[in-house]
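# Architecture and fold: a report
What follows is the residue order along each chain.
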Amino acid sequence: MRAVLALLLCCALPALAQPAPMSDEELASVEGRDGIGLAVHLELDSSLSAGFSVNGTTTYAVVQGLGGTADLVALTLDVRRRSDGGGDYVDIGLPGFVGFKQFGFRALGAQTDPLAPIAPGAGYGQVLLDGTASMTGHLYLWAN
């Protein structure tokens, strides 16, 4: 039994080593199996306004009732090397599950008072998403 404990202790000692800085070449050679997996749960409850001044009149673009819940599951993030030797790129795997519950905004308008409610029929409408979807594919980002 003591021999087994001694063996386990010897195997665990390298895990206690201090982190060491890596050169750019060493860091670039590190690869994960599938990158980083992410799950996002987002809840919003807000309003936005942005003011624009034209000929001395300030008009506000107003988004009222911005909110809802959004879930993104199985989103991946990885850095890969381009096959043509042109450098690295960021590979964002689209989420396998997307879910929305009353996600969007309740009113959109342009007015001179950013705090006034947007009257029904006076704005540009609303967008509210409710439901689920699944996605496949990747988004690739790189610098030129």
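Read on for an overview of the structure. Everything numeric in this text was worked out from a predicted model, so none of it was measured. (Residues numbered from 1 in each chain as written. Predicted model: local features only at pLDDT ≥ 70, side-chain atom pairs only at ≥ 80, totals over all residues. Heavy atoms only, no water.)

## Some words on the overall build of the protein chain
- Within the protein chain, the secondary structure is distributed over two helices and seven strands.
- Along the protein chain, helices and strands appear, N-terminal first, in the series α-α-β-β-β-β-β-β-β.
- Evaluated residue by residue, the protein chain yields a buried proportion of 16% over its 144 residues.
- A total of about 10,900 Å² of accessible surface is found on the protein chain, and carbon and sulfur atoms cover 61% of it. (Helix = DSSP H or I, 4+ residues; strand = E, 2+ residues; numbered from the N terminus. Buried < 20%, exposed > 50% of the residue type's maximum accessible area, 1.4 Å probe, protein only. Areas by Shrake-Rupley, 256 points an atom, 1.4 Å probe, with all protein chains shown as cover.)

## A short note on the pattern of salt bridges
- Considering all chains together, one arrives at four salt bridges under this definition.
- Salt-bridge contacts for D78 lead to R80; the nearest nitrogen and oxygen are separated by 3.5 Å.
- Residue D78 is classed as buried on the basis of its relative accessible area, which comes to 14%.
- Among the salt bridges present, the one from D88 reaches R81, with a minimum N-O distance of 3.4 Å.
- Since its relative accessible area comes to 37%, D88 is described here as partly exposed.
- Look at the salt bridges and you will find they share partners, linking D78, R80 and D91 into a network. (Salt bridge = Lys/Arg side-chain N within 4 Å of Asp/Glu carboxyl O.)

## Some details on the pairing of strand β5 (residues 107-111)
- Burial along β5 is one-sided: the face carrying A107, G109 and Q111 is buried and the face carrying L108 and A110 is not.
- Relative to β5, strand β2 (residues 57-81) runs antiparallel, the two being bridged by five bridges. Across the sheet, residue Q64 finds its bridge partner in β5, namely A107. (Pairing = 2+ DSSP bridges.)

## Observations regarding the environment of T136
- The residue T136 is located in the loop between β6 (127-133) and β7 (138-141) in this model.
- With relative accessibility at 74%, the residue T136 sits in the exposed group.
- T136 sits 41 residues away from P95 along the chain, and the two C-alpha atoms are 7.1 Å apart.

All we've got here are geometric facts, nothing functional implied.
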